[in-house]
Amino acid sequence: MRQTIISNQVSVELLDSKEINFWGINENAFNTIISIILTFLIIFFLYITYYIKLKKTNPKLPTSGYVFIFQLYIDFIHNLTIQILGKRFEKITPFFVYLFLYIMFSNVISIFGLTNPTSSLSVTLSLGFVTFIGIFFVGFKFQRLSFLKKYTINIVTKKQKTIPIMINPLNIVGQLTPLISLSFRLWGNIFAGSLITSMVFLGMNEFFLKISSSEILSFFTAFVLIPFHLYFDIISGLIQTLVFVLLTMIYWKMECK
């Protein structure tokens, strides 16, 4: 009987620690899902606004304002794609345009008090998995079945023909490097920034409440956090976005042999 009571108490404590909300979803997971949806809606709104304004633009006059800024961004990604991957990859520029925007807004959305989607490892693993699948797609597209020879130990004949003799386990394990590197790098930087900012917020808020019984001074905590949000959310977020996109392009370029 005593064991049953203890077991029930432990179950209740575990249930409380998971912070299950009304929908039966873990609170952190629920906040991440909301942030993902809002990130998508923001990007969707930007695209629709650009399309509407572009249709109203007079082609005989130079573009300005929102259309000009958005076109500068598209040209930047377009030039980056051609410089790294080559002219033959020009058609996938829209993919990198969306990828850059998605990761960027996922990194900086916390300045509005929301959870960074990229602070969740499942989200960054999903993004890394797209790059991972792209490596095989590009490899088979340009190397055909010769792409599989990188996973084998080969010998070269006198006629300069490569013949596989056995599987190379080191190369197979090494193929997981892009997936792990991309996902854990992005997740680690964003999660660490969110954690540090949260710890500073809690510490400063408790400090202000201790020196004053009123909550008026705790209002200044928001101003103290400005430099942290500026660095971890904006500067670091933009850098990690660019790094992820560049590494994706480089990993794909390596298979264009």
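The structure we're discussing is the one just above.
Numbering of residues starts from 1 in each chain and follows the order in which that chain's sequence is written. Only residues with pLDDT of at least 70 are given local features in this predicted model, and only at 80 or more are side-chain atom pairs given and counted; all residues enter the totals for whole chains, interfaces and linings. With hydrogens and water excluded, all non-hydrogen atoms of the structure serve as input to the side-chain values.

Focus: helix H2 (residues 27-56)
Phase 1 of the analysis: Secondary structure elements follow DSSP: runs of H or I of four or more residues count as helices, runs of E of two or more count as strands, with numbering from the N terminus. Given the number of residues in a helix, its expected span is that number minus one, multiplied by 1.5 Å. Spanning 30 residues, H2 covers 44 Å between terminal C-alpha atoms, matching the ideal 44 Å at 1.5 Å per step.
Phase 2 of the analysis: Buried residues belonging to H2 abut helix H3 (65-85), helix H4 (93-108) and helix H5 (121-143). Here, residues are in contact when the closest pair of their heavy atoms is within 4.5 Å.

Comments concerning the nonpolar core
In summary, soluble globular proteins display a tendency toward joint burial of nonpolar side chains.
Phase 1 of the analysis: Nonpolar cores are built from buried Ala, Val, Leu, Ile, Met, Phe, Trp, Tyr and Cys residues. Side-chain atoms within 4.5 Å join them into one set. When accessible area is computed with a 1.4 Å probe and restricted to protein chains, residues below 20% of their type maximum are described as buried, those above 50% as exposed, and intermediate ones as partly exposed. In this structure, Phe96 and Leu127 are the most contacted members of the largest nonpolar core, which totals 34 residues.
Phase 2 of the analysis: Elements supplying a minimum of two residues to this core: H2, H3, H4, H5, helix H7 (177-211) and helix H9 (226-253).
Phase 3 of the analysis: With residues near it in sequence (within four places) discarded, Leu127 still touches Leu99, Tyr102, Ile103, Thr118, Leu186 and Phe244.

Let's talk about a nonpolar patch on the surface
Phase 1 of the analysis: The residues that make up patches have over 30% relative accessible area and no salt bridge, and they are joined within 9 Å when like-charged or within 5 Å when they are Val, Leu, Ile, Met, Phe, Trp or Tyr. Note on areas: these come from Shrake-Rupley sampling with a 1.4 Å probe, and a residue is covered only by the protein chains present in the view. Within this document, salt bridges are pairs made up of a side-chain nitrogen of Lys or Arg and a carboxyl oxygen of Asp or Glu, the two lying within 4 Å of each other. Judged by side-chain polarity, Ile33, Ile34, Ile37, Leu38, Phe40, Leu41, Phe44, Ile48, Tyr51, Ile52 and Tyr98 come together as a nonpolar surface patch covering roughly 970 Å² of accessible area.
Phase 2 of the analysis: Here the element with the most residues in the nonpolar patch is H2; it accounts for 10 residues.
Phase 3 of the analysis: Inspection of the secondary structure puts Ile34 in helix H2.

Focus on the side chain of Glu255
Phase 1 of the analysis: Tracing the backbone through its elements, the reader meets Glu255 in the segment after H9.
Phase 2 of the analysis: The exposure class of Glu255 is buried, given its relative accessible area of 6%.

What to know about the environment of Leu179
Phase 1 of the analysis: Along the chain, Leu179 falls in helix H7.
Phase 2 of the analysis: A relative accessible area of 17% places Leu179 in the buried class.
Phase 3 of the analysis: In this structure the C-alpha to C-alpha distance between Leu179 and Leu127, which are 52 residues apart in sequence, comes to 8.8 Å.

Quick notes on the packing of aromatic side chains
Phase 1 of the analysis: Here the aromatic set is Phe, Tyr and Trp, taking the six-membered ring for Trp, and pairing holds for ring centres within 6.5 Å; pairs whose planes are under 30 degrees apart are stacked, those over 60 apart are edge-to-face, and all others are tilted. As enumerated under the stated definition, the model contains 15 aromatic pairs in all.
Phase 2 of the analysis: Aromatic side chains Phe95 and Phe96 sit 5.1 Å apart centroid to centroid with 70° between the ring planes, which places their arrangement in the edge-to-face category.
Phase 3 of the analysis: You can call Phe96 buried: its relative accessible area is 0%.
Phase 4 of the analysis: Taken together, the ring pairs connect Tyr47, Tyr50, Tyr66, Phe70, Tyr73 and Phe100 into an aromatic cluster.
Phase 5 of the analysis: Lysine NZ or arginine CZ positioned within 6 Å of the ring centre and within 35 degrees of the ring normal marks a charge as sitting over the ring. Looking at Lys141, its charged tip hangs above the ring of Phe142, at a distance of 5.9 Å from the centre.

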